[in-house]
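One-letter residues, chain by chain:
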Amino acid sequence: MNRNWLFLFCALVLTRPALAQLDILACEPEWAALAEAIGGERVEVESATTALQDPHRVQARPSLLSRARRADLLFCTGAGLEAGWLPLLIRRAGNPGIQPGQPGHLMAAEHVELLGVPASLDRSLGDLHPQGNPHIHLDPRRVLAVADELVHRLVRLDGGGTAGFHLRHAAFRKRMETAIEGWTIRATKLAGSPVVVLHDSWLYLEQWTGLRRVATVEPRPGLPPSGAHLQNLVTVIGAERPRALLLGPADSRKSADWLGERTGLEALTLPFTVGGSPRSSDLFGLYDETLRLLEEHLR
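Residues numbered from 1 in each chain as written. Predicted model: local features only at pLDDT ≥ 70, side-chain atom pairs only at ≥ 80, totals over all residues. Heavy atoms only, no water.

**Overview of the state of the cysteines**
Under the criterion given, the structure shown has one disulfide. Here Cys-27 connects covalently by a disulfide to Cys-76, the sulfurs 1.9 Å from one another. Residues Cys-27 and Cys-76 are joined by a disulfide whose S-S torsion is about 50°; by sign, that bridge is right-handed. Of this pair, Cys-27 sits in the loop between strand E1 (22–26) and helix H2 (29–39) while Cys-76 sits in strand E3 (residues 73–76), and the two are 49 residues apart along the sequence. For the pair Cys-27 and Cys-76, one class covers both residues: buried. (Disulfide = S-S within 2.5 Å. Helix = DSSP H or I, 4+ residues; strand = E, 2+ residues; numbered from the N terminus. Buried < 20%, exposed > 50% of the residue type's maximum accessible area, 1.4 Å probe, protein only.)

As structure tokens, then:
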């Protein structure tokens, strides 16, 4: 190799960005976004679902199975959210590093306090989550707790990236804590606002912002409303005068439109997760856009 080629080779090696060391498969977009924020250039992240999909129901397609086989970290919600497909995916992948109990198996719900833990597990009550409501990402304070656990897992899996992981985690935590202060001030102006929800998927948002749920379109979790239930909702809506019916981008509008035609109640589609709207491209955009839409429609 002549001197010029040697110089060029050394220059390329010294200036190229660090190659990703960890392959992360996230089950939902919110955890993919968090992994990218903390992992930076040391990670390659893919989400098994998008904001337009129901994370309860996912097909273990070959491409997803292939990604699970090579993943260093499986990062999901847990608490039964992915119970219909994740156990099968883990079993078929045959990847020892992402099995339960391993550092590469991270279930976010195991590291926060869950709301909505059922008093009993009677199946007649619908599709209950025995551990509690799994939609923890709709409270940014709980996401901070998950971030604290994530940085520990990344360090265990890739010790060479320790300094960078801790720096990015500290920066993320500081930015999120500052943002939460501002969001909380905005949320106080929404407290007490009556709303109807389609599913019991907004519980953490309701607690964080103080929104007052007056009715749920689903009579029981996972069960579609009957005609009698919808007629009863018309009466409730007339008495409580809620300001909006909250939907996610993956939700059907059929019941919302039926109620809207009879009561005038407006359906408000919130991003629900990262990628759920053009302005919700990361976690900060998710919370900011959610509050903006609520402020616009509920004041």
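**Quick word on the packing of aromatic side chains**
Applying the stated criterion across every chain, the model contains seven aromatic pairs. What links up through ring pairs into an aromatic cluster is the set Phe-172, Trp-183, Trp-208, Phe-284 and Tyr-287. One cation-aromatic arrangement involves Arg-175 over Phe-284; the distance from NZ or CZ to the ring centre is 3.7 Å. (Phe/Tyr/Trp six-rings, centres within 6.5 Å; stacked < 30°, edge-to-face > 60°. Lys NZ or Arg CZ within 6 Å of the ring centre and 35° of its normal.)

**Focus: the sheet that holds strand E6 (residues 212–216)**
Strand order in the open sheet formed by four strands is E6-E5-E7-E8, with parallel pairing between adjacent strands. Of all strands in the sheet, those with a lone pairing partner are E6 and strand E8 (267–269), marking the two edges. Taking each pair of neighbouring strands and ignoring which way they run, the sheet shows an average axis angle of 35°. For strand E5 (residues 194–197) and E6, the ladder comprises four bridges, and the chain directions are parallel. Across the sheet, residue Val-196 finds its bridge partner in E6, namely Ala-215. Across the sheet, helix H8 (residues 227–240) lies against E5 and E6, angled at about 155° from E6, the strand it touches most. (Pairing = 2+ DSSP bridges. Axes fitted to C-alpha atoms, helices over the stretch in contact; angles between N-to-C directions. Contact = heavy atoms within 4.5 Å.)

**A look at the sheet that holds E1**
Paired through backbone hydrogen bonds, the strands of a sheet run either parallel or antiparallel to each other. Spatially, four strands are ordered E2-E1-E3-E4 in an open sheet, and the strand pairing comes out parallel. Looking at the sheet topology across the chains shown, the edges are occupied by strand E2 (43–47) and strand E4 (105–107). Ignoring which end each strand starts from, the neighbouring axes of this sheet average 20° apart. In this sheet, E4 lies alongside E3 in parallel orientation, the contact comprising three bridges. Bridge pairing links Leu-74 to His-105 in E4. The sheet contacts of helix H4 (residues 86–93) involve E1, E3 and E4, and relative to E3 the element is tilted by about 175°.

**Brief notes about the pattern of salt bridges**
A full pass over the atoms with the stated rule returns 21 salt bridges. One salt bridge connects Asp-54 with Arg-57, and the closest N-O pair in it is separated by 2.6 Å. Between Arg-186 and Glu-295 there is a salt bridge, and its shortest N-O distance comes to 2.8 Å. Of the two residues, Arg-186 is situated in helix H6 (residues 162–188) and Glu-295 in helix H10 (residues 283–298); the sequence distance between them amounts to 109 residues. The buried category is assigned to Glu-295, whose relative accessible area is 12%. Beyond isolated ion pairs, a larger network of salt bridges with shared partners links Asp-23, Glu-46, Arg-67 and Arg-70. (Salt bridge = Lys/Arg side-chain N within 4 Å of Asp/Glu carboxyl O.)

**Quick look at the nonpolar core**
Where a protein is soluble and globular, its nonpolar side chains tend to be buried together. Of all hydrophobic cores here, the largest spans 59 residues; its most connected members are Leu-34, Phe-75, Leu-246 and Leu-283. For this core, the element with the highest residue contribution is H10, accounting for eight residues. Setting aside residues up to four positions removed in sequence, Leu-246 forms contacts with Val-195, Val-196, Val-197, Leu-198, Trp-202, Leu-211, Leu-268, Leu-270 and Leu-294. In terms of nonpolar packing, the next biggest core, distinct from the first, is built from 17 residues, Val-58, Trp-85, Ile-90 and Ala-93 among them. (Core = buried A, V, L, I, M, F, W, Y, C linked by side-chain atoms within 4.5 Å.)

**Some points on unusual backbone geometry**
As a rule of thumb, non-glycine residues mostly have phi less than zero, and peptide bonds are mostly trans rather than cis. Look at Ala-79: it is not a glycine, yet its phi comes out positive at around 55°. Looking at Ala-79, the relative accessible area reads 8%, which means it is buried.

**Here we look at the environment of Asp-257**
Inspection of the secondary structure assignment puts Asp-257 in helix H9 (residues 254–263). Using a relative accessible area of 34% as the deciding quantity, one classes Asp-257 as partly exposed. It is 13 Å that separates the C-alpha atoms of Asp-257 and Gln-231, two residues lying 26 residues apart in sequence.

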